[in-house]
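Commentary on secondary and tertiary structure
What follows is each chain in one-letter form.
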Amino acid sequence: MKGIKKSLTEEYLYLDFSHQMEGCIFPLHTSVTLFLLSYCDCKIFKVGLVLTKESTDISLKNVVPQDVEIQIISKQELPAIVQNCCLPAVVEKPDNFCRAGLAVVLRHIIQKSYEADPSKKEILELLGFKKTCLKACAEVSQWTRLCELTIPLAIENFLKESSDQHPTIPAEILQLERKLSEPVRVHNDDKLRRQKLKQQKAAGVGPAQAKSKVFRQETSEELDSSSKSLELQVAFSKLAVYEEPATTNREPSHIRKAKVSDLPPLEHVFAEGLYFTLADIVLLPCIHHFLAIICKKLSEKLIEFPLLAAWYQRIQEVPRVKTAASQCGIQFLHLPELLTTLKEQDANLSEVPGVEEQNDTSFLGGPRPTMTKLMEKGIEVMFSPHPCPTWTLDWNSLPAAVSPKEGKMSSDRALRKQQQLNNLVYVVTSQAKPGDRIVDFCSGGGHVGIVLAHMLPSCQVTLIENKELSLIRAKKRSDELGLSNIWFIQANMEYFTGMFNIGVALHACGVATDMVIEHCIKTRAAFVTCPCCYGFIQNTSKFNFPKSEQFKKTLSYKEHMILCRFADQTAVQLPAQRRLIGKQCMCLVDLDRARAAEERGYSVQVISMEPESCSPKNNMIVGVPI
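Our subject in this report is the structure included herewith. (Residues numbered from 1 in each chain as written. Predicted model: local features only at pLDDT ≥ 70, side-chain atom pairs only at ≥ 80, totals over all residues. Heavy atoms only, no water.)

The buried fraction of helix H13 (residues 306–315) is high, at 10 of 10 residues. For H13, every residue scored as buried is listed here: Pro306, Leu307, Leu308, Ala309, Ala310, Trp311, Tyr312, Gln313, Arg314 and Ile315. (Buried < 20%, exposed > 50% of the residue type's maximum accessible area, 1.4 Å probe, protein only. Helix = DSSP H or I, 4+ residues; strand = E, 2+ residues; numbered from the N terminus.)

A few words on the environment of Lys476. By the element assignment, Lys476 lies in helix H19 (residues 468–481). You can call Lys476 exposed: its relative accessible area is 58%. Remark: the alpha-carbon pair of Lys476 and Gly445, spanning 31 residues in sequence, is separated by 9.8 Å.

Our next topic: the sheet that holds strand E10 (residues 486–490). Taking strand neighbours across the sheet as the criterion, the 12 strands line up as E5-E4-E1-E6-E7-E10-E9-E8-E11-E12-E14-E13 in an open arrangement whose pairing is mixed. Of all the strands in the sheet, just strand E5 (70–73) and strand E13 (602–608) have a single pairing partner and so form its edges. When strand polarity is set aside, the average angle formed by the axes of neighbouring strands in this sheet is 20 degrees. Of the pairings in the sheet, the one linking strand E1 (residues 11–17) to strand E6 (residues 89–92) comprises four bridges and is antiparallel in character. Paired with Tyr12 across the two strands is Val91, which belongs to E6. The sheet strands contacting helix H3 (residues 102–116) are E1, strand E4 (45–51), E6, strand E7 (97–100) and E10, and the helix crosses E7 at an angle near 115 degrees. (Pairing = 2+ DSSP bridges. Axes fitted to C-alpha atoms, helices over the stretch in contact; angles between N-to-C directions. Contact = heavy atoms within 4.5 Å.)

Our focus in this paragraph is the environment of Asn539. In this fold, Asn539 is placed in the loop between strand E12 (526–532) and helix H21 (549–552). Note: C-alpha distance between Asn539 and Tyr557 (18 residues apart in sequence) is 8.6 Å. Side-chain polar atoms of Asn539 contact the backbone nitrogen of Phe545, separated by 2.7 Å. (Polar contact = N/O pair within 3.5 Å; in protein donor to acceptor, adjacent residues only side chain to side chain.)

By size, the foremost hydrophobic cluster in this structure holds 84 residues, and its most contacted members are Phe290 and Trp311. Looking at which element gives the most residues to this core, the answer is helix H12 (residues 278–297), with 12 residues. Excluding anything up to four places from it in sequence, Phe290 contacts Ile155, Phe158, Ile169, Pro170, Ile173, Phe305 and Leu308. Counting residues in each nonpolar core, the second largest holds 62 residues, with Val50, Phe500, Ala505 and Leu555 among its members. (Core = buried A, V, L, I, M, F, W, Y, C linked by side-chain atoms within 4.5 Å.)

So, about the layout of surface pockets. In this structure, the second largest pocket encloses a volume near 680 Å³. Together, 31 residues line the second largest pocket, and Gly128, Phe129, Thr132, Glu272 and Thr277 are the ones closest to its centre. Contributing elements (two or more residues each) for the lining of the second largest pocket: helix H4 (121–124) and helix H5 (142–161). When grouped by side-chain class, the residues that make up the lining of the second largest pocket number 13 nonpolar, eight polar and 10 charged. (1 Å grid on protein atoms, 1.4 Å probe; cavity = no way out; pocket = protein on both sides within 12 Å on 5 of 7 lines; lining within 4 Å. Points joined across faces, edges and corners; volume = space filled by probe spheres on them. Nonpolar A, V, L, I, M, F, W, Y, C, P; charged D, E, K, R; others polar.)

This paragraph deals with the pattern of salt bridges. All told, the structure shown has 19 salt bridges when counted by the stated rule. Glu559 is the salt-bridge partner of Lys373, the closest N and O atoms lying 2.9 Å from each other. With Lys373 in helix H16 (residues 367–376) and Glu559 in helix H22 (residues 557–567), the pair connects residues that are 186 residues apart, well separated along the chain. Two residues, Arg595 and Glu598, come together in a salt bridge whose shortest N-O distance is 3.9 Å. (Salt bridge = Lys/Arg side-chain N within 4 Å of Asp/Glu carboxyl O.)

Time to look at the pairing of strand E14 (residues 619–625). Burial within E14 is extensive, with five of its seven residues counted as buried. Bridge count for E12 against E14 is three bridges, and the pairing is antiparallel. Within the sheet, the bridge partner assigned to Val528 lies in E14 and is Val622. Sheet topology places E13 next to E14; seven bridges connect them, and they run antiparallel. Residue pairing across strands places Ile607 opposite Met620, the latter belonging to E14.

Moving on, we come to the packing of aromatic side chains. For the structure on display, the rule yields 10 aromatic pairs. Centre to centre, the rings of Phe97 and Phe488 are 6.2 Å apart; their planes meet at 20 degrees, and the pair counts as stacked. Highlighted residues: Phe97 in strand E7 and Phe488 in strand E10, separated in sequence by 391 residues. In this structure, Phe97 and Phe488 share a single accessibility class: buried. Taken together, the ring pairs connect Tyr39, Phe270 and Phe276 into an aromatic cluster. Across from the ring centre of Trp143, 5.2 Å away, lies the NZ or CZ of Lys179, which sits over that ring. (Phe/Tyr/Trp six-rings, centres within 6.5 Å; stacked < 30°, edge-to-face > 60°. Lys NZ or Arg CZ within 6 Å of the ring centre and 35° of its normal.)

On any regular strand, side chains alternate: one points to one face of the sheet, the next to the other face. Across the seven residues that make up E12, a large majority, seven, are buried. Burial along E12 is two-sided: the residues Ala526, Val528, Cys530 and Cys532 and Phe527, Thr529 and Pro531 are all buried.

Okay, here's the thing in structure tokens:
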């Protein structure tokens, strides 16, 4: 088939298409996106299903929403910017602004659907309290990672294994079941918990009896009855199914004076708590396929997932969910009523593997013992000389939109930002060759990337940033300058898959610096990074600290974390001696990063930016592949 016909006003949504099974399209990311389009009744996007492999048997009947224009295309027909990203992705004309990754794309679909019809306020409610649902990137948020990455992938693997007699239950599903058992935290939970206590007292129900209700499914009759729990009243009142629970009467004094510790916890109605959100949209196609296999082949295991089964039944009561699901090939299962005791549930949940705490009995507190330990092993604070400490851009001769003064910042801060840029731009322009691809990771408003695109017109510069508004501001500045060698990608950096020659990051927070360096090493690209927020460094699913073999042999994890915490104490208002110790700790943390890169075939320098007053976080880590 021919590719999608281009239009100046429409946006193009590209989804992977690998295969169909049980009437649904895979990978699950695609099914999830189509389900959201159907739920929102969104007809804004032209949709391209991108073949991941040659397929001759493609039937889209009853598996995609009605009135959505869909065409089958090949990877070669994708716009160049999209070919550098993981799908799903949305691109708008003139093909230089792309949004990639499941959470970013879904949030964009919700926003555009609401803008097209502001009367659909329930669609905007999918973004949750303060519109933060799945906003934190998967690299730092365990919940986003679970919903966006690990559960869809685990279910796909589970389905592949289902041809075996006894497929293994994914650990991620056990983790979700445990999550649904945790007390709900909401911004007004004290008020709601007092209402729940009042409800329990009026019904003569004890805390244990009340809590056990969560371990079985509510039927439609129960949802329509006056005996529904407070959580269900609150959840479904927001969905305009029921009226708000009455709150005008003042609670009795014994309810008002009850200690917070004596209030009953709020229980999950939906995935994130009381309210139906984007997280439920993401999880539904995944959990549906999981339960379908469980019912077919492992029916005796169903009793181990009472909360998941209850959630699956409950979500069907949400307006438009059944209709949207049926348009995407999801036919809801009829599950048997599950009854299990609290004791049995606690026993099941206790078997879920958790994260073991690191217990280090040899740990010595404070930065000085740790620094002494390193010195005894020949590791000392040492900076490489700055290659050109007095070099500066001629800011007065540059167009106004190039300068950070165009951003919303004070003149003093803009001057310091210019000084920071002088350092990074000098190093990058010294390395760059015509035709090079340069990536500005965690680009924010584009202060680094826009200067580089202007100074290096023969290079392609790509800005990658998770925050949409920052990237939109950067694009506006770029348009004012008429830059044609610049791309904008709103995505987590792991969704960028393109090749590049130089990676740069100014004040990438915490482990984001390590992610930038790792991305560059995997591509064998040079890197120029200026770290920030050392106090946020911690072990993640991808990184363990210390990173280098030299530091691992000397420091424990806790000792390294002490260096990170003190490395954040460099603010100008602190005493000079404390700032000095902070600067030394910064250097040692970055030396560990440098040594780790050297172990993987890089020549690395840790340089102090000039002037040092340009920022309390004034280190540069410069790495070049050998």
